[in-house]
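# A closer look at the structure
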Number of protein chains: 2
Amino acid sequence: MDIEKSFREKGVRLTHQRRVLIDTLRDAHRAMTAQELYKEASMAWPHINFSTIYRNIETLKSVGLICEMTDGTGNTLFAYRDEEEHHHHLVCKNCGKTISFDFCPLIELKQVLDETGFMPTGHRFEVYGYCKECRKDRL
Amino acid sequence: MDIEKSFREKGVRLTHQRRVLIDTLRDAHRAMTAQELYKEASMAWPHINFSTIYRNIETLKSVGLICEMTDGTGNTLFAYRDEEEHHHHLVCKNCGKTISFDFCPLIELKQVLDETGFMPTGHRFEVYGYCKECRKDRL
DNA sequence: CCTCCAGTTGCAAATTATTTGCATCTACAC
DNA sequence: GTGTAGATGCAAATAATTTGCAACTGGAGG
(Lines give C-alpha, C1' and ligand atoms only; values in the text may rest on other atoms or scores of the structure.)
Protein backbone atom coordinates (compact mmCIF):
# COMPACT_ATOMS: atom_id res chain seq x y z
CA MET A 1 0.00 0.00 0.00
CA ASP A 2 1.44 3.33 -1.08
CA ILE A 3 0.94 5.77 1.76
CA GLU A 4 1.94 8.85 -0.22
CA LYS A 5 -0.55 7.98 -2.90
CA SER A 6 -3.47 7.40 -0.54
CA PHE A 7 -2.74 10.72 1.12
CA ARG A 8 -2.58 12.56 -2.18
CA GLU A 9 -5.83 11.00 -3.34
CA LYS A 10 -7.62 12.33 -0.27
CA GLY A 11 -6.05 15.78 -0.55
CA VAL A 12 -4.27 15.20 2.76
CA ARG A 13 -0.68 16.35 3.23
CA LEU A 14 2.00 13.97 4.35
CA THR A 15 3.70 16.15 6.95
CA HIS A 16 6.71 15.26 9.02
CA GLN A 17 4.50 14.90 12.10
CA ARG A 18 2.18 12.48 10.31
CA ARG A 19 5.13 10.38 9.19
CA VAL A 20 6.31 10.26 12.79
CA LEU A 21 2.92 9.11 14.03
CA ILE A 22 2.59 6.45 11.36
CA ASP A 23 6.11 5.16 11.96
CA THR A 24 5.62 5.18 15.71
CA LEU A 25 2.47 3.11 15.51
CA ARG A 26 3.80 0.80 12.83
CA ASP A 27 7.04 0.09 14.64
CA ALA A 28 5.38 -0.34 18.03
CA HIS A 29 3.43 -3.41 16.86
CA ARG A 30 0.93 -2.74 19.59
CA ALA A 31 -2.15 -0.70 20.40
CA MET A 32 -1.75 2.41 22.53
CA THR A 33 -3.70 5.34 23.89
CA ALA A 34 -3.44 8.86 22.51
CA GLN A 35 -1.32 9.74 25.55
CA GLU A 36 1.12 6.90 24.95
CA LEU A 37 1.29 7.76 21.29
CA TYR A 38 2.20 11.30 22.28
CA LYS A 39 5.03 10.07 24.50
CA GLU A 40 6.41 7.68 21.92
CA ALA A 41 6.17 10.17 19.10
CA SER A 42 7.86 12.83 21.21
CA MET A 43 11.02 10.77 21.20
CA ALA A 44 11.23 11.01 17.45
CA TRP A 45 10.00 14.59 17.16
CA PRO A 46 10.26 16.45 20.46
CA HIS A 47 8.09 19.44 19.62
CA ILE A 48 5.08 17.46 18.55
CA ASN A 49 1.90 18.70 20.17
CA PHE A 50 -1.06 16.99 21.72
CA SER A 51 -3.54 18.67 19.46
CA THR A 52 -1.58 17.35 16.51
CA ILE A 53 -1.95 13.84 17.89
CA TYR A 54 -5.69 14.13 18.34
CA ARG A 55 -6.25 15.84 15.03
CA ASN A 56 -4.22 13.24 13.22
CA ILE A 57 -5.81 10.26 14.85
CA GLU A 58 -8.92 11.34 12.99
CA THR A 59 -6.98 11.88 9.81
CA LEU A 60 -5.22 8.53 9.93
CA LYS A 61 -8.46 6.76 10.68
CA SER A 62 -10.09 8.32 7.66
CA VAL A 63 -7.17 7.34 5.46
CA GLY A 64 -7.52 3.81 6.85
CA LEU A 65 -4.01 3.64 8.28
CA ILE A 66 -5.00 2.95 11.87
CA CYS A 67 -7.60 0.95 13.78
CA GLU A 68 -9.40 2.17 16.84
CA MET A 69 -10.33 -0.18 19.67
CA THR A 70 -10.79 -0.17 23.43
CA ASP A 71 -8.77 -1.89 26.10
CA GLY A 72 -11.76 -3.32 27.92
CA THR A 73 -11.72 -0.73 30.69
CA GLY A 74 -12.99 2.22 28.70
CA ASN A 75 -9.74 3.54 27.28
CA THR A 76 -9.52 4.04 23.56
CA LEU A 77 -6.52 2.48 21.85
CA PHE A 78 -5.06 2.94 18.39
CA ALA A 79 -2.98 0.54 16.36
CA TYR A 80 -1.37 0.51 12.95
CA ARG A 81 -3.65 -1.20 10.50
CA ASP A 82 -1.74 -4.01 8.90
CA GLU A 83 -4.61 -5.61 7.04
CA GLU A 84 -6.58 -4.33 4.13
CA GLU A 85 -9.61 -6.47 4.84
CA HIS A 86 -12.25 -5.99 7.51
CA HIS A 87 -11.09 -7.69 10.70
CA HIS A 88 -11.27 -7.73 14.48
CA HIS A 89 -8.65 -8.04 17.21
CA LEU A 90 -7.40 -9.91 20.20
CA VAL A 91 -5.79 -7.27 22.44
CA CYS A 92 -3.23 -8.18 25.10
CA LYS A 93 -3.92 -6.34 28.34
CA ASN A 94 -0.30 -6.62 29.36
CA CYS A 95 1.84 -5.70 26.34
CA GLY A 96 -0.82 -4.19 24.11
CA LYS A 97 -0.02 -6.52 21.23
CA THR A 98 -2.90 -6.97 18.83
CA ILE A 99 -3.65 -10.11 16.86
CA SER A 100 -6.13 -9.66 14.06
CA PHE A 101 -8.49 -12.28 12.73
CA ASP A 102 -10.96 -12.10 9.90
CA PHE A 103 -14.02 -13.77 11.43
CA CYS A 104 -16.80 -11.21 11.71
CA PRO A 105 -19.72 -12.09 13.96
CA LEU A 106 -22.08 -9.71 12.20
CA ILE A 107 -22.99 -12.33 9.61
CA GLU A 108 -24.25 -14.58 12.40
CA LEU A 109 -26.76 -11.92 13.36
CA LYS A 110 -28.86 -12.02 10.22
CA GLN A 111 -31.78 -13.62 12.00
CA VAL A 112 -31.69 -11.21 14.95
CA LEU A 113 -31.55 -8.27 12.58
CA ASP A 114 -34.40 -9.59 10.45
CA GLU A 115 -36.57 -10.24 13.48
CA THR A 116 -35.99 -6.85 15.05
CA GLY A 117 -35.82 -4.72 11.92
CA PHE A 118 -32.59 -3.21 13.22
CA MET A 119 -30.36 -1.62 10.58
CA PRO A 120 -26.69 -1.91 11.55
CA THR A 121 -24.31 0.86 10.57
CA GLY A 122 -21.30 -0.23 12.59
CA HIS A 123 -20.12 -2.76 15.10
CA ARG A 124 -17.31 -3.61 17.44
CA PHE A 125 -15.93 -6.98 18.42
CA GLU A 126 -12.83 -7.12 20.58
CA VAL A 127 -11.36 -9.77 22.80
CA TYR A 128 -9.20 -8.77 25.77
CA GLY A 129 -6.81 -11.07 27.53
CA TYR A 130 -3.21 -12.19 27.54
CA CYS A 131 -1.10 -13.19 24.58
CA LYS A 132 0.97 -16.37 24.59
CA GLU A 133 4.04 -14.59 26.02
CA CYS A 134 2.33 -12.47 28.66
CA ARG A 135 0.27 -15.42 29.73
CA LYS A 136 3.49 -17.19 30.72
CA ASP A 137 4.68 -14.17 32.67
CA ARG A 138 1.62 -14.38 34.81
CA LEU A 139 1.95 -17.97 35.96
CA MET B 1 -34.69 -10.81 40.85
CA ASP B 2 -34.81 -9.30 44.30
CA ILE B 3 -32.75 -6.13 44.28
CA GLU B 4 -32.80 -5.64 48.05
CA LYS B 5 -31.55 -9.16 48.55
CA SER B 6 -28.69 -8.92 46.06
CA PHE B 7 -27.60 -5.66 47.68
CA ARG B 8 -27.70 -7.13 51.16
CA GLU B 9 -25.72 -10.16 50.07
CA LYS B 10 -22.93 -7.96 48.79
CA GLY B 11 -22.97 -5.75 51.85
CA VAL B 12 -24.03 -2.80 49.73
CA ARG B 13 -26.61 -0.35 51.03
CA LEU B 14 -29.73 0.43 49.09
CA THR B 15 -29.77 4.20 49.44
CA HIS B 16 -32.36 6.55 48.07
CA GLN B 17 -29.90 7.77 45.44
CA ARG B 18 -29.24 4.24 44.26
CA ARG B 19 -32.94 3.56 43.96
CA VAL B 20 -33.28 6.70 41.87
CA LEU B 21 -30.48 5.61 39.56
CA ILE B 22 -31.84 2.11 39.13
CA ASP B 23 -35.37 3.38 38.49
CA THR B 24 -34.12 6.00 36.06
CA LEU B 25 -32.23 3.47 34.00
CA ARG B 26 -34.94 0.85 34.19
CA ASP B 27 -37.70 3.20 33.17
CA ALA B 28 -35.69 4.82 30.42
CA HIS B 29 -35.48 1.56 28.44
CA ARG B 30 -32.39 2.90 26.75
CA ALA B 31 -28.66 3.27 27.16
CA MET B 32 -27.30 6.62 28.25
CA THR B 33 -24.05 8.33 29.21
CA ALA B 34 -23.14 9.20 32.79
CA GLN B 35 -23.98 12.80 31.98
CA GLU B 36 -27.44 11.94 30.68
CA LEU B 37 -28.03 9.71 33.65
CA TYR B 38 -27.19 12.64 35.90
CA LYS B 39 -29.71 14.86 34.13
CA GLU B 40 -32.47 12.27 34.21
CA ALA B 41 -31.83 11.33 37.82
CA SER B 42 -31.78 14.98 38.83
CA MET B 43 -35.43 15.24 37.91
CA ALA B 44 -36.33 12.64 40.50
CA TRP B 45 -33.81 13.72 43.13
CA PRO B 46 -32.58 17.27 42.50
CA HIS B 47 -29.61 17.27 44.85
CA ILE B 48 -27.99 14.17 43.43
CA ASN B 49 -24.32 14.68 42.76
CA PHE B 50 -22.05 13.75 39.89
CA SER B 51 -19.66 11.86 42.09
CA THR B 52 -22.59 9.81 43.32
CA ILE B 53 -23.38 8.90 39.73
CA TYR B 54 -19.86 7.81 38.93
CA ARG B 55 -19.36 5.96 42.17
CA ASN B 56 -22.64 4.12 41.74
CA ILE B 57 -22.10 3.17 38.17
CA GLU B 58 -19.29 1.00 39.51
CA THR B 59 -21.49 -0.30 42.29
CA LEU B 60 -24.40 -1.16 40.04
CA LYS B 61 -22.09 -2.87 37.58
CA SER B 62 -20.67 -5.03 40.33
CA VAL B 63 -24.13 -5.95 41.53
CA GLY B 64 -24.96 -6.86 37.93
CA LEU B 65 -27.82 -4.40 37.62
CA ILE B 66 -26.47 -2.46 34.68
CA CYS B 67 -24.57 -3.15 31.47
CA GLU B 68 -21.81 -0.97 30.10
CA MET B 69 -21.36 -0.43 26.38
CA THR B 70 -20.15 2.19 23.93
CA ASP B 71 -22.08 4.17 21.37
CA GLY B 72 -19.64 3.54 18.57
CA THR B 73 -18.02 6.96 18.79
CA GLY B 74 -16.10 6.45 22.00
CA ASN B 75 -18.74 7.44 24.53
CA THR B 76 -19.52 4.99 27.28
CA LEU B 77 -23.18 4.16 27.77
CA PHE B 78 -25.02 2.40 30.56
CA ALA B 79 -28.30 0.52 30.45
CA TYR B 80 -30.45 -1.37 32.87
CA ARG B 81 -29.64 -5.05 32.67
CA ASP B 82 -32.84 -6.90 31.95
CA GLU B 83 -31.32 -10.32 31.34
CA GLU B 84 -29.68 -12.69 33.73
CA GLU B 85 -27.71 -14.51 31.06
CA HIS B 86 -24.61 -13.35 29.23
CA HIS B 87 -25.67 -11.37 26.20
CA HIS B 88 -24.74 -8.61 23.76
CA HIS B 89 -26.62 -5.63 22.34
CA LEU B 90 -27.89 -3.82 19.33
CA VAL B 91 -27.74 -0.11 20.22
CA CYS B 92 -29.84 2.48 18.39
CA LYS B 93 -27.78 5.57 17.60
CA ASN B 94 -30.90 7.70 17.48
CA CYS B 95 -33.04 6.80 20.50
CA GLY B 96 -30.52 4.79 22.50
CA LYS B 97 -32.80 1.78 22.72
CA THR B 98 -30.94 -1.47 23.29
CA ILE B 99 -31.98 -4.87 22.04
CA SER B 100 -30.19 -7.77 23.62
CA PHE B 101 -29.47 -11.11 22.02
CA ASP B 102 -27.80 -14.16 23.41
CA PHE B 103 -25.48 -15.16 20.58
CA CYS B 104 -21.89 -14.79 21.75
CA PRO B 105 -19.19 -14.76 19.07
CA LEU B 106 -16.48 -15.86 21.48
CA ILE B 107 -17.31 -19.52 20.94
CA GLU B 108 -16.54 -19.11 17.25
CA LEU B 109 -13.00 -18.07 18.11
CA LYS B 110 -11.84 -21.36 19.56
CA GLN B 111 -9.57 -22.06 16.63
CA VAL B 112 -8.03 -18.58 16.62
CA LEU B 113 -7.41 -18.79 20.35
CA ASP B 114 -5.88 -22.25 20.08
CA GLU B 115 -3.61 -21.21 17.23
CA THR B 116 -2.39 -18.06 18.93
CA GLY B 117 -2.28 -19.25 22.52
CA PHE B 118 -4.24 -16.14 23.51
CA MET B 119 -6.09 -16.38 26.83
CA PRO B 120 -9.26 -14.27 26.76
CA THR B 121 -10.41 -12.59 29.95
CA GLY B 122 -13.11 -10.39 28.50
CA HIS B 123 -14.70 -9.32 25.27
CA ARG B 124 -17.06 -6.83 23.75
CA PHE B 125 -19.49 -7.21 20.90
CA GLU B 126 -21.83 -4.37 20.09
CA VAL B 127 -23.78 -3.44 16.99
CA TYR B 128 -24.65 0.18 16.33
CA GLY B 129 -27.35 1.34 13.98
CA TYR B 130 -31.01 2.27 13.87
CA CYS B 131 -33.91 0.40 15.39
CA LYS B 132 -37.07 -0.34 13.43
CA GLU B 133 -38.74 2.91 14.49
CA CYS B 134 -35.81 5.27 14.07
CA ARG B 135 -34.97 3.71 10.76
CA LYS B 136 -38.34 4.88 9.48
CA ASP B 137 -37.73 8.37 10.77
CA ARG B 138 -34.64 8.60 8.63
CA LEU B 139 -36.18 7.71 5.29
C1' DC C 1 13.78 25.63 -8.83
C1' DC C 2 10.34 29.34 -7.10
C1' DT C 3 5.86 30.91 -5.64
C1' DC C 4 1.64 30.62 -3.50
C1' DC C 5 -1.99 29.25 -0.55
C1' DA C 6 -4.97 25.80 1.49
C1' DG C 7 -4.01 22.65 4.75
C1' DT C 8 -1.47 21.99 8.98
C1' DT C 9 0.90 22.93 13.21
C1' DG C 10 2.07 24.85 17.91
C1' DC C 11 0.52 27.07 21.63
C1' DA C 12 -2.48 28.38 25.08
C1' DA C 13 -6.78 28.38 26.78
C1' DA C 14 -11.44 26.38 26.98
C1' DT C 15 -14.23 22.29 27.52
C1' DT C 16 -15.60 18.08 29.07
C1' DA C 17 -15.15 13.93 31.69
C1' DT C 18 -13.86 11.64 35.75
C1' DT C 19 -11.79 11.08 40.41
C1' DT C 20 -10.62 12.24 45.12
C1' DG C 21 -10.45 14.16 50.09
C1' DC C 22 -13.02 15.10 53.75
C1' DA C 23 -16.71 16.40 56.83
C1' DT C 24 -21.32 15.09 57.33
C1' DC C 25 -25.00 11.98 57.00
C1' DT C 26 -27.73 7.56 56.98
C1' DA C 27 -29.03 2.56 56.17
C1' DC C 28 -29.45 -1.16 58.63
C1' DA C 29 -27.56 -4.92 61.86
C1' DC C 30 -28.05 -5.60 66.52
C1' DG D 1 -33.41 3.19 69.53
C1' DT D 2 -28.11 3.27 68.84
C1' DG D 3 -23.60 2.76 66.75
C1' DT D 4 -20.90 2.54 62.91
C1' DA D 5 -19.28 1.25 58.40
C1' DG D 6 -20.56 2.66 54.24
C1' DA D 7 -22.47 6.57 51.38
C1' DT D 8 -23.19 11.23 50.04
C1' DG D 9 -22.40 16.23 48.85
C1' DC D 10 -19.36 19.55 47.85
C1' DA D 11 -15.43 21.54 46.07
C1' DA D 12 -11.27 21.04 44.16
C1' DA D 13 -7.89 18.16 41.61
C1' DT D 14 -6.93 15.38 37.52
C1' DA D 15 -7.23 13.73 33.14
C1' DA D 16 -8.78 13.76 28.47
C1' DT D 17 -10.08 16.16 24.48
C1' DT D 18 -11.20 20.26 21.61
C1' DT D 19 -10.80 24.85 19.73
C1' DG D 20 -9.21 29.64 18.08
C1' DC D 21 -5.76 31.76 15.90
C1' DA D 22 -1.41 33.33 14.09
C1' DA D 23 2.55 31.34 11.99
C1' DC D 24 4.31 27.81 9.08
C1' DT D 25 4.87 24.46 5.10
C1' DG D 26 3.88 20.60 1.58
C1' DG D 27 3.37 20.14 -2.84
C1' DA D 28 0.67 21.70 -7.21
C1' DG D 29 1.52 24.66 -10.90
C1' DG D 30 4.25 27.53 -13.10
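Numbering of residues starts from 1 in every chain and runs along the sequence as written. Working convention: letters from A go to chains and numbers from 1 go to ligands, in the order in which they are written. The model is predicted, so local features are restricted to residues of pLDDT at least 70 and side-chain atom pairs to those at 80 or more, both for listing and for counting; the totals for chains, interfaces and linings are taken over all residues. Note that water and hydrogens are dropped before the side-chain values are worked out from all heavy atoms of the structure.

## Observations regarding the domain arrangement of chain A
Residues and elements named next belong to chain A. Note the following rule: A domain assignment, automatic or from a database, supplies the domain bounds used here. The contact definition used throughout considers only heavy atoms, calling two residues in contact when any of these lie within 4.5 Å. Two parts placed together each lose some accessible area under a 1.4 Å probe, and adding up what both lose gives the buried area. Salt bridge, as used here: a side-chain nitrogen of Lys or Arg that lies within 4 Å of a carboxyl oxygen of Asp or Glu. Think of a polar contact as two N or O atoms within 3.5 Å of one another; within protein, one of them needs to be a possible hydrogen donor and the other a possible acceptor, and neighboring residues in sequence only count if both atoms come from side chains. For the purposes of this entry, the term helix denotes a DSSP run of H or I that reaches at least four residues, the term strand denotes a run of E that reaches at least two, and both are numbered from the N terminus.
Taken domain by domain, chain A comprises domain 1 (3-80) and domain 2 (88-137). Using only C-alpha atoms to locate each centre, domain 1 and domain 2 end up separated by 22 Å. Each partner contributes to the interface: domain 1 provides eleven residues, whereas domain 2 provides nine residues. A combined buried area of about 730 Å² lies between domain 1 and domain 2, and 59% of that area is made up of carbon and sulfur atoms. Together, Arg30, Met69 and Thr70 form the three largest contributors to the area buried by domain 1 at its contact with domain 2, with a combined 50%. Remark: the boundary between domain 1 and domain 2 carries zero salt bridges. On inspection of domain 1 and its partner domain 2, the count reaches three residue pairs in polar contact (both at pLDDT 80 or more). When residues of the side of domain 1 that touches domain 2 are traced back to their parent elements, those giving at least two are strand E1 (66-70) and strand E2 (76-80).

## A few points about the interface of chain B and chain A
Rules: Two strands pair if DSSP finds at least two bridges between them.
Of the residues lining the interface, 33 residues belong to chain B; the matching set on chain A comes to 32 residues. Together, the buried faces of chain B and chain A total about 3,100 Å²; carbon and sulfur atoms form 68% of this surface. Summed over the three residues of chain B that lose the most area to chain A, namely Phe118, Met119 and Arg124 of chain B, the buried surface amounts to 21% of that side. At the surface where chain B touches chain A, the tally comes to zero salt bridges. For the pair chain B and chain A, the number of links is 14 residue pairs in polar contact (both at pLDDT 80 or more). Among the elements of the structure, strand E3 (88-92), strand E4 (98-101), helix H5 (110-116), strand E5 (119-130) and helix H6 (132-137) of chain B are those that each provide at least two residues to the side of chain B that touches chain A. It is E5 of chain B that provides the largest number of residues to the side of chain B that touches chain A, a total of twelve residues. Relative to E5 of chain B, strand E5 (residues 119-130) of chain A runs antiparallel, the two being bridged by eleven bridges. Counterpart to Met119 of chain A in the pairing with E5 of chain B is Tyr130 of chain B.

## Structural notes on the side chain of Thr24 of chain A
Residues and elements named next belong to chain A. To keep things clear, this is the line we draw: Classification of residues uses two cut-offs on accessible area relative to the type maximum, computed with a 1.4 Å probe and protein chains only: under 20% is buried, over 50% is exposed, and between them is partly exposed.
Turning to its location among the elements, Thr24 is positioned in helix H2 (residues 16-28). The exposure class of Thr24 is buried, given its relative accessible area of 12%. Beyond its immediate chain neighbours, meaning those up to four positions away, Thr24 contacts Leu37, Glu40 and Ala41.

## A word on the environment of Asp82 of chain A
Examined against the element boundaries, Asp82 of chain A turns out to sit in the loop between E2 and strand E3 (88-92). Each C-alpha atom of the pair Asp82 of chain A and Leu65 of chain A lies 8.0 Å from the other, and the pair is 17 residues apart in sequence.

## Quick word on the protein's contact with DNA strand C
Quick reminder of the rule: Note on terminology: near, applied to a residue and a molecule or strand, indicates that one of the residue's heavy atoms is within 4 Å of it. Charged residues are taken to be Asp, Glu, Lys and Arg, nonpolar residues to be Ala, Val, Leu, Ile, Met, Phe, Trp, Tyr, Cys and Pro, and polar residues to be all remaining types, Gly included.
Around DNA strand C, 20 residues are found, and the nearest of them are Arg13, Gln17, Arg18 and Thr52 of chain A together with Tyr54 of chain B. Within 4 Å of the protein, the atoms of DNA strand C are drawn from sugar and phosphate moieties in a proportion of 59%. Contact distances for DNA strand C include 2.7 Å between a sugar or linking oxygen and a side-chain N or O atom of Gln17 of chain A. In this structure, Leu14 of chain B approaches DNA strand C through a main-chain N or O atom, which is 3.0 Å from a phosphate oxygen. Listing elements by their share of the surface near DNA strand C, those giving two or more residues are H2 and helix H4 (50-63) of chain A together with helix H4 (50-63) of chain B. The greatest single-element share of the surface near DNA strand C, amounting to four residues, is contributed by H4 of chain A. A class-by-class count of the residues in the surface near DNA strand C yields five nonpolar, nine polar and six charged.

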